[in-house]
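# Per-entry structural report
What follows is the residue order along each chain.
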Amino acid sequence: MNATADQSTLSPDNPFARESTLPYKWPPLDKIKNEHYVPALEAGMAEQRKEVAAIANNEAAATFENTIVALERSGQLLNRAATVFFALSSSNTNPEIEKAQTEMAPKLSAHSDSIYLDAALFARVKQLYDRRETLQLDPESLRLLERYHTNFVRAGANLSEAQKKELRALNEKISSLTTEFRQFVLKGDNAAALVIDNRAELDGLSEAQIATAAEAAKARGMEDKWVLTLLNTTNQPALAQLKNRAVRERLFKASAGRGWGGEFGTTKLIADIIKLRADRAKLLGYPNHAAYVLEDETALTPEAVNSMLHQLAPAAVANAKREAGEMQQLIDAQAKANGTPSFQLQAWDWDFYAEQVRAKKFAYDEAQVRPYFELGRVLVDGVLFAAQELYGLKFTERKDLPVYQEDVRVFEVFDRDGSQLGLFLFDPYARSNKRGGAWMNSFVEQSRLFGNKPVVTNTLNIPKPPAGQPTLLTWDEVTTAFHEFGHALHGLFSDVQYPQFSGTNVPRDFVEYPSQYNEMWATEPRVLANYAKHHESGAPMPKELMDKVLAAQKFNQGYATTEYLAAAILDQRYHQLAAGKTPAAGDIAAFEADALKSAQVNFEAVPPRYRSTYFLHIFASPIGYSAGYYAYIWSEVLARDTEHWFKTHGGLKRENGDLLRAKVLSKGFSADALTLFRDFYGKSPDIAPLLEARGLTGGTTATAN
Ligand SMILES: [Zn+2]
């Protein structure tokens, strides 16, 4: 479509047309309708094209202000519209948003290229960059100039015009295909939900869970049936409880079999995406996509990532095999006692027997602890309480701001001196129009340049109980709530000049550091005692039970580490392929099997956390976590070091929290990420606390930098 004049003028009735007048520039979600997105995005791109053209064609000599700061200021309309659009396309989508996404993804990609591949504009950036030492810039401004130069070069600014044309075409295609992948997976998850005809087959689930399954069936227009919906991970929580082995097998296979064929099959998309990414890397002068991506991470090279993953894998698999051995003994003993034939532990049995081993070893099971983990208490008396103790924050719930869905809660966050810090949204429940997983994002990014205070969200996927029932969390869900709030704090504490460096705009292998660190407060005895109270009686969790929960922390770590490493290795294998070497759609299954086998993480009882066909992290956006799923364990080194630091510096104390905030959490990407960490920790990262926490201290000598 040609850019026409009417696209650049947005109707004043469009809620995106001007900056929001609500507190914190909160988007007017009650006024934003599906039909507003496309015109606002189109007009936003047109507006930014004009702004950028004015910068590129400015007759005055390039200055930091008229070029770099001007670029940083450009695109505000586009940013307002895109922020809401992409947030809701993940957490509250509908067919019209999906259609708009399909239409807009390649256009947005082309728009970005039109800026970064503009030769006149790059010439100005380069002029400034080449004499950056003479410009007398403050450190954050100097870094902004360097970052722009890097961004331009990585986006292809040094290519010939013919190569730029090729690159534009590749980017547009990748953008369309990854959008399609996301939509296929969401639809495939819904289509693959397991339908149960007979209530007895749900034996082991709680009454509330069975009622949820009945409601899920009704929502799909089925009477007298039950539907077990799927989370995005290979493993499904109900596998821990379902007593009927055949139903477990069906549920597992429905999950692991998603996307391999049929209407929502994704193997063709995967083959196309990895091929095009490899081609793009070659065009940009890199041996493969991973080399291109990792150059801009703290890891720097595929070799560094491979080295870490492959050193951890054998110890993790050995642990998982030991755990499987304990479960096999239990299975054999039960078969003998019942006079029934025994069987070999399979992937769909793991959680069911792990629960029993846990119950035996630590003398408790999930069903005993869940009544102490009521969602509202976990959030307010746990997650927010820890932030209050550590950083002096106060939270007040606000009911006056429009939300996009009725379950979303909004909290105003007040700083240690009582001043307004930002807003925090909490969207807890799974919905069929929400993608799987849990994540944080920003509706407004902090920056002094625009005088913006942060508006951040945490989105979770907790099954919603039937009306009137409490939401009782699993231990995993409790940990996830703390994790996501760690990201939220990184956004809320941001105190930078330029939006480019705001909050969580850091390398992916650093961004998981504040979140994983924040998980430690879930088990801090004072925090745990404050939130772990019985949902009916309010009685504190008995000390013996709490001690058991704490003692069980290392339980099942072989499984958790192996399923994660398998997915991380799979991601690297796909993205370390050179152009011309990527598998065809029909070979994706064999490639996956071979990748796991050659890395010796092909232990069938522990499948990858995500199989290729629904691996959203790596295939659902143009870059996303592609070649970056390793980032979680890479960041975890820093998180575990920090946990160790807190434990040896007096734990939950304001002065400790304030120090971490000052040195790391407020800095965003305004300085090099590892420098920030060293500045806080006093030395380079040390892998020992991670190995200890994951039970991997069996003689491994992995290092991370
Ligand atoms: Zn995270």
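Residues numbered from 1 in each chain as written. Predicted model: local features only at pLDDT ≥ 70, side-chain atom pairs only at ≥ 80, totals over all residues. Heavy atoms only, no water.

## Quick notes on the overall build of the protein chain
Across its full length, the protein chain holds 27 helices and seven strands. Judged by the C-alpha coordinates and their principal axes, the protein chain covers about 90 × 60 × 55 Å. Here the protein chain holds 705 residues, and the buried ones make up 57% of them. A fraction of 76% describes how many contacts in the protein chain between residues 6 or more apart in sequence connect residues 24 or more apart. Summed over all atoms, the accessible surface of the protein chain reaches about 28,400 Å², with 51% contributed by carbon and sulfur. (Helix = DSSP H or I, 4+ residues; strand = E, 2+ residues; numbered from the N terminus. Buried < 20%, exposed > 50% of the residue type's maximum accessible area, 1.4 Å probe, protein only. Contact = heavy atoms within 4.5 Å. Areas by Shrake-Rupley, 256 points an atom, 1.4 Å probe, with all protein chains shown as cover.)

## Focus: the nonpolar core
The biggest cluster of nonpolar side chains holds 194 residues, and the ones touching the most others in it are Trp350, Phe373, Tyr391, Phe424, Tyr513, Tyr517 and Tyr531. The greatest single-element share of this core, amounting to 14 residues, is contributed by helix H13 (residues 302-338). The next biggest cluster of nonpolar side chains, apart from the first, holds 32 residues, and it includes Leu29, Ala40, Met104 and Val444. (Core = buried A, V, L, I, M, F, W, Y, C linked by side-chain atoms within 4.5 Å.)

## Brief notes about the sheet that holds strand E6 (residues 439-444)
Taken together, five strands build an open sheet; the order of strands is E3-E4-E5-E7-E6 and the sheet is mixed. Looking along the sheet, the strands with just one partner apiece sit at the ends: strand E3 (394-398) and E6. Neighbouring strand axes in the sheet, compared pairwise and without regard to direction, differ in orientation by 25° on average. Both E6 and strand E7 (residues 455-462) contribute to a ladder of five bridges, which runs antiparallel. Across the sheet, the residue bridging to asparagine 441 is threonine 457, located in E7. (Pairing = 2+ DSSP bridges. Axes fitted to C-alpha atoms, helices over the stretch in contact; angles between N-to-C directions.)

## Considering the environment of lysine 243
Counting through the fold element by element, lysine 243 comes out in the loop between strand E2 (226-228) and helix H10 (245-256). It is 28 Å that separates the C-alpha atoms of lysine 243 and glutamate 544, two residues lying 301 residues apart in sequence. Once residues lying within four places of it in the same chain are set aside, the contact partners of lysine 243 are Asp203, Gly204, Arg248 and Phe352.

## Focus: the packing of helix H2 (residues 34-56) against helix H6 (residues 119-130)
Axis separation between H2 and H6 bottoms out at 8 Å; the angle between their running directions is 55°. Taken together, the axis directions place H2 and H6 in an arrangement best described as oblique. In this structure, the crossing between H2 and H6 has a hand that is left-handed. Across the interface between the two elements, Val52, Ile55 and Ala56 from H2 touch Ala120, Leu121 and Arg124 from H6. For the contact of H2 with H6, a count of residues per class yields five nonpolar, no polar and one charged. (Parallel < 35°, antiparallel > 145°, perpendicular 65-115°, else oblique. Left-handed = near helix turned anticlockwise from the far one by under 90°. Nonpolar A, V, L, I, M, F, W, Y, C, P; charged D, E, K, R; others polar.)

## Here we look at the packing of aromatic side chains
Within the structure shown, the criterion is met by 43 aromatic pairs. Plain terms: the ring middles of tyrosine 630 and tryptophan 634 are 5.7 Å apart, the flat faces sit at 85° to each other, and that makes the pair edge-to-face. A residue is classified by how much of its surface remains accessible, and tyrosine 630, at 1% relative accessible area, is buried. One aromatic cluster is present, built from ring pairs that chain together Tyr564, Tyr610, Phe615, Tyr625, Tyr629 and Tyr632. The ring of phenylalanine 352 is capped by arginine 248, whose NZ or CZ atom sits 4.2 Å from the centre of that ring. Sitting above the plane of the tyrosine 614 ring, arginine 258 keeps its charged end 4.1 Å from the centroid. (Phe/Tyr/Trp six-rings, centres within 6.5 Å; stacked < 30°, edge-to-face > 60°. Lys NZ or Arg CZ within 6 Å of the ring centre and 35° of its normal.)

## Some thoughts on the pattern of salt bridges
For the coordinates displayed, the defined rule picks out 47 salt bridges. For arginine 132, the salt bridge is made with glutamate 146, and the minimal N-O distance between the two is 3.6 Å. Here arginine 132, found in the loop between H6 and helix H7 (139-154), pairs with glutamate 146, found in helix H7; they are 14 residues apart in sequence, far enough to count as distant. Residues lysine 225 and aspartate 197 are paired through a salt bridge, measuring 3.1 Å at the closest nitrogen-oxygen approach. Of this pair, lysine 225 sits in the loop between helix H9 (207-219) and E2 while aspartate 197 is found in the loop between strand E1 (194-196) and H9, placing the two residues 28 residues apart along the sequence. Judged by relative accessible area, lysine 225 falls into the partly exposed class, the value being 30%. For aspartate 197, a relative accessible area of 53% puts it in the exposed group. Through salt bridges that share partners, Glu636, Arg640, Glu643, Lys647 and Arg694 make up one connected network. (Salt bridge = Lys/Arg side-chain N within 4 Å of Asp/Glu carboxyl O.)

## What about the coordination of the zinc ion?
Metal coordination angles have textbook ideals: 109.5 degrees for a tetrahedral set of four donors and 90 or 180 degrees for an octahedral set of six. Every protein donor of the zinc ion is listed here as His483 (NE2), His487 (NE2) and Glu512 (OE), and their distances to the metal cover 2.1 Å. Motif for the zinc ion, donor spacing along one chain: H-x3-H-x24-E. Of the two residues, histidine 487 is situated in helix H17 (residues 475-492) and glutamate 512 in helix H18 (residues 508-518); the sequence distance between them amounts to 25 residues. You'll find histidine 487 and glutamate 512 in the same group, each marked buried. (Donors = N, O, S within 2.8 Å, 3.2 Å for Na, K, Ca; no water.)

## Some details on the environment of glutamate 592
Topologically, glutamate 592 is positioned in helix H22 (residues 588-598). Judged by its relative accessible area of 3%, glutamate 592 falls in the buried class. Expressed as a C-alpha distance, the spacing of glutamate 592 and leucine 492, which sit 100 residues apart in the sequence, is 39 Å. In this structure, glutamate 592 is in contact with Trp260, Leu570, Tyr574, Arg611 and Ser612, ignoring residues within four places of it in sequence.

## Looking at the confidence of the model for the protein chain
Averaged over the protein chain, the pLDDT score is 94; the fraction of residues at 70 or greater is 98%. The low-confidence segment residues 1-6, where pLDDT is below 50, has four contacts with residues more than four positions distant or belonging to other chains. Here residues 699-705 scores under 50 on pLDDT; set against residues more than four positions off or in separate chains, the count is 16 contacts. (pLDDT = per-residue confidence, 0-100.)

## Some remarks on the pairing of strand E4 (residues 409-414)
Of all six residues in E4, five are buried, a share of seventy percent or more. Two strands pair when backbone bridges link them, and E3 and E4 are joined in this way by five bridges, in the antiparallel orientation. By the bridge assignment, arginine 398 is partnered in E4 with valine 410. As judged from the six bridges shared by E4 and strand E5 (residues 420-429), these two strands associate in the antiparallel manner. Bridging from a neighbouring strand, arginine 409 pairs with phenylalanine 426 of E5.

## Points about the packing of helix H4 (residues 76-91) against helix H5 (residues 95-116)
Close contact between H4 and H5 brings their axes to 12 Å; oriented N to C, the two are set at 135°. Here H4 is positioned oblique relative to H5, judged by the angle of their axes. When you trace H4 past H5, the crossing you get is left-handed. Facing H4, whose interface residues are Leu78, Phe85, Phe86, Leu88 and Ser89, H5 presents Ile97, Ala100, Gln101, Leu108 and His111. By residue class, the composition of the contact of H4 with H5 is seven nonpolar, three polar and no charged.

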